[in-house]
Amino acid sequence: MTENSPLISAKIAEAVSETFGNMAFLDVAPVQDATLPEDVQQVIWAKLLIHDPIQSEMMLYIPESALSTIAKSIYAIPEDELSSQIKIDCIAELLNTIAGRFLTDILPADRSFQLGLPETGETPGSEIELLANSWHFLVDNCNPIVLNATAMDQLEQINTNIVI
Amino acid sequence: MKRVIIADDSATARMFIKRCLEIVGLSDAEFIEAANGKEALEALKAAPADLLVSDLNMPVMDGETLLKWVQASPKLNGIPVIVVTSAGNPAKEAQLKALGARAVLNKPIAPPALMQALEPILNSWGGSDD
């Protein structure tokens, strides 16, 4: 795993915070600890390919219990009315929105980008695959969520005009 | 009652857009949800709509193709179209507006931004609620 650039990390944090704030009305805080608690058994993931201007992959991992809290807040319905399909759709849309918000912010204004369609799945918490760059966030005091991405160094090279 | 079509492949996004539209004044509208551009086009052909809100990146038929179809149809090209996208930037926004989109909003949308985009459309409707 490579070290996260301060610029990329700041833009990722803004995108995650704005997305969760607007869609789920939940506060998000970045955390340094990269390990999930051992009692996190099942994690839902979403994966999204960035096709242009770089070839990259972003993955969002959310422990099932945390995703229930998030989906409940987005849909404003009781937890027992949340289907697994709703939860999976939520994580896909969250990642799609985070990725778009991040790329809009990090790329020059005249540079377009193209995203793929999100894929989703489940994995045991112990089998989370950490890609080249990884960030962890606490959402509403739930177990931490993990955002992974590749090729972020290439994005930073494209970005020559942004000042934090 | 106004008829509003929301096209997005994400049920979460459709629900969220619908909620935002209700917040900014369309609480009495009839909402028709479509999972892609083709479904939205079929809904538009089945019955006229007062507003189309569409995502850009969708399977089967994307939002840009949907917008082109709507603008090319004499029966549909008067329907205001708001594009909501996670892949927007000023260049893309200008391109979509040149194709006929009334407004282009970046996700995550917020009710104030939607209200600003919707205001001229609501004004063009006047007091009519037919």
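Predicted model, so just to flag it, every value in this text is computed and none were measured.

What counts and how
- Residues numbered from 1 in each chain as written.
- Chains lettered and ligands numbered in written order.
- Predicted model: local features only at pLDDT ≥ 70, side-chain atom pairs only at ≥ 80, totals over all residues.
- Heavy atoms only, no water.
- Helix = DSSP H or I, 4+ residues; strand = E, 2+ residues; numbered from the N terminus.
- Buried < 20%, exposed > 50% of the residue type's maximum accessible area, 1.4 Å probe, protein only.
- Contact = heavy atoms within 4.5 Å.
- Areas by Shrake-Rupley, 256 points an atom, 1.4 Å probe, with all protein chains shown as cover.
- Buried area = accessible area lost by both parts, 1.4 Å probe.
- Salt bridge = Lys/Arg side-chain N within 4 Å of Asp/Glu carboxyl O.
- Pairing = 2+ DSSP bridges.
- Axes fitted to C-alpha atoms, helices over the stretch in contact; angles between N-to-C directions.
- Core = buried A, V, L, I, M, F, W, Y, C linked by side-chain atoms within 4.5 Å.

Some words on the overall build of chain A
Counting its regular elements, chain A contains four helices and seven strands. Ordered by position from the N terminus, the helices and strands of chain A form the series α-β-β-β-α-α-β-β-β-β-α. Split into buried and exposed, the 164 residues of chain A put 51% on the buried side. Long-range pairs, those at least 24 residues apart, make up 71% of the contacts in chain A between residues at least 6 apart in sequence. When the accessible surface of chain A is summed, it comes to about 7400 Å², and 46% of that surface belongs to carbon and sulfur atoms.

Describing the interface of chain B and chain A
Taken together, the contacts link 22 residues of chain B with 26 residues of chain A. Here chain B meets chain A over a buried area of about 1800 Å², counting both sides, of which 54% is carbon and sulfur. Among the residues chain B hides against chain A, the three largest losses belong to B:T12, B:S86 and B:P108. Together they make up 31% of the total. Counting across the interface, chain B meets chain A through one salt bridge. Between A:E93 and B:K107 there is a salt bridge, with its nearest N and O atoms 2.9 Å apart.

Quick notes on the pattern of salt bridges
With the rule as written, the count across this model stands at 14 salt bridges over all chains. Across the pair B:D8 and B:K107 runs a salt bridge, and its minimum N-O distance is 2.9 Å. Here B:K107 lies in the loop between β5 (103-106) and α5 (111-125) and B:D8 lies in the loop between β1 (3-7) and α1 (11-26), a separation of 99 residues in the sequence. The pair B:D8 / B:K107 is uniform in exposure class, with both members buried. One connected set of salt bridges, linked through shared partners, spans A:K11, A:E18, A:R101 and A:D105.

Considering the sheet that holds strand β2 (residues 30-34) of chain B
All names here are of chain B. Pairing is parallel across the open sheet formed by five strands, whose spatial order is β2-β1-β3-β4-β5. A single partner strand is all that each edge strand has here, and the edge strands are β2 and β5. Looking at each pair of strands side by side, their axes are set apart by 20° on average, direction ignored. Alignment of β1 against β2, held across five bridges, turns out to be parallel. When the sheet's bridge partners are listed, A7 is paired in β2 with A34. In the packing of helix α3 (residues 63-72) onto the sheet, the strands contacted are β1, β3 (51-55) and β4 (81-85), and the crossing angle to β3 comes to about 155°.

A look at unusual backbone geometry
A cis amide bond links A:D52 to the next residue, A:P53, at an omega of 10°. As for its position among the elements, A:P53 is in the loop between β2 (42-52) and β3 (56-63). With an omega dihedral of 0°, the bond running from B:K107 to B:P108 counts as a cis peptide bond. For B:P108, the position within the fold is in the loop between β5 and α5. For A:A151, which is not glycine, the phi dihedral falls at a positive 60°.

Remarks on the nonpolar core
Residues A:F20, A:I62, A:F102, B:L21, B:L51 and B:I82 are the most contacted members of the largest nonpolar core, which totals 73 residues. Sort the elements by how many residues they give to this core and helix α3 (residues 84-106) of chain A lands first, with 10 residues. Setting aside its immediate chain neighbours within four residues, B:L21 contacts B:V4, B:I6, B:L26, B:F31, B:L51, B:V53, B:L114 and B:L118. Membership of the second largest hydrophobic core comes to 23 residues, among which are B:A49, B:L56, B:M58 and B:L66.

Structural notes on the pairing of strand β7 (residues 145-149) of chain A
Residues and elements named next belong to chain A. Of all five residues making up β7, five are buried, and the element is well covered by its neighbours. Of the two faces of β7, the one holding I145, L147 and A149 and the one holding V146 and N148 are both buried throughout. Here four bridges tie β3 to β7, and the two strands are oriented antiparallel to one another. Bridge assignment links M59 to a residue of β7, and that residue is N148. For strand β6 (residues 133-139) and β7, the ladder comprises five bridges, and the chain directions are antiparallel. The residue bridging S134 from the neighbouring strand is N148, located in β7. Linkage of β6 to β7, two consecutive antiparallel strands, is achieved through a turn of five residues, within which D140 is found at a positive phi near 50°.

Any link to function would need more than the numbers given here.
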